[in-house]
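Read off the chains here:
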Amino acid sequence: MRARRESAATTSRPSEQPTVTPGFGPCGTRRRPAFPLRTAPGPVGSRRRLGRVTIMRLALFDLDGTLVDRTAAFADAIAGLCRDHRYGPDVEAWLLTRLADHADRSDFARLRAEFGLGESAEHLWRVYVDRMAAAVTCRPAVLHSLGLLKECGWSIGVATNGSSDIQRAKVRATGLADLVDGIAASGDIDVRKPDPRLFELAAARCGTQLTAGDWMTGDNPETDIAGGHRTGLRTIWVEGRLAWPEGLTVPHHRVTNVLDAIDHLLTHSPG
Ligand SMILES: [Mg+2]
């Protein structure tokens, strides 16, 4: 799997890099040096430093289907797990169906009971976590664009529904850990998006509080976009995987690719 990621890195096309106007920085302002990004949490509605006001923005992202390609990794991980344990096609089909959208430890307890497997549910979950971490990827162009976003004064957080261990394993394995200021996984507090408390936890993990002008980007209309609206965030929907439900409040912006979402955020960078 490492070879696959390295291959992806070497085949990244220049056209995937964000466009920067000559003489100007990626933030839409004159190029300037990167500056320290973290500030202590301040009162709601402001992020201040001593001496002068530093306007910072918080960009929250969903993980699966937004920053990383879970779908592509999933089939590889299941195939590898079944190969490791010499499970037949019936087990593989069960896993591919039951874990298609979401997986946690309890799924492997059910698998074990269904097929009378000898391995413990905890062992199978660990193998699945390791296999997913090895298979999942974040495109080099996305990592590059997130780096630009940080240079332009944004804090970057991840708000994700999923177990803490597997979501953090993906963030580490893809290189996102070097760029993300804080992660809130629903498994941390047993609260899932669209509950505003998960977005608030993501902000806290970034060392700040939610403020007017912060954004949420994700591929799920209900959990990411409706949840973001309910929390008072501006929202970007990465369309493609899920249909937009009739009657749901529309996002502030919609894109077909997370790179375009980051470009949009760059145009709203702190001035
Ligand atoms: Mg998603």
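About the thresholds
Residues numbered from 1 in each chain as written. Predicted model: local features only at pLDDT ≥ 70, side-chain atom pairs only at ≥ 80, totals over all residues. UniProt positions renumbered as here; feature names shortened; annotations may be inferred. Buried ≥ 20, exposed ≤ 12 C-beta atoms within 10 Å, placed from the backbone. Helix = DSSP H or I, 4+ residues; strand = E, 2+ residues; numbered from the N terminus. Pairing = 2+ DSSP bridges. Axes fitted to C-alpha atoms, helices over the stretch in contact; angles between N-to-C directions. Parallel < 35°, antiparallel > 145°, perpendicular 65-115°, else oblique. Left-handed = near helix turned anticlockwise from the far one by under 90°. Contact = placed C-beta atoms within 7 Å. Nonpolar A, V, L, I, M, F, W, Y, C, P; charged D, E, K, R; others polar.

- Going by what an unreviewed UniProt entry lists, the chain is known as Hydrolase and is assigned to Streptomyces phaeofaciens.
- Among the UniProt annotations of the chain, the heading Cofactor (unreviewed entry) holds the following wording: "Mg(2+)".

1. Re the pairing of strand E4 (residues 154-160)
Consideration 1: Burial runs high along E4: 7 of the 7 residues are buried.
Consideration 2: Judged by which residues are buried, E4 turns out to be covered on both faces: Trp154, Ile156, Val158 and Thr160 on one side and Ser155, Gly157 and Ala159 on the other are all buried.
Consideration 3: Pairing of strand E3 (residues 57-61) with E4 involves 5 bridges; the strand directions are parallel. The residue bridging Leu60 from the neighbouring strand is Gly157, located in E4.

2. A short note on the environment of His144
Consideration 1: Among the secondary structure elements, His144 is positioned in helix H6 (residues 140-151).
Consideration 2: For His144, a count of 17 C-beta atoms within 10 Å gives the class partly exposed.
Consideration 3: On a C-alpha basis, the gap between His144 and Leu259 in space is 9.7 Å, while along the polypeptide they are 115 residues apart.

3. Some points on the packing of helix H5 (residues 121-135) against helix H7 (residues 164-173)
Consideration 1: For the pair H5 and H7, the least separation of the axes is 8 Å and the interaxial angle reads 30 degrees. It follows that H5 is roughly parallel to H7 by the angle criterion. When the axes of H5 and H7 are compared, the crossing they make is right-handed. Taking contact as the criterion, the partners of Val129, Met132, Ala133 and Ala134 in H5 are, on H7, Asp165, Ile166, Ala169, Lys170 and Ala173.
Consideration 2: In the contact of H5 with H7, the residues fall into 7 nonpolar, no polar and 2 charged.

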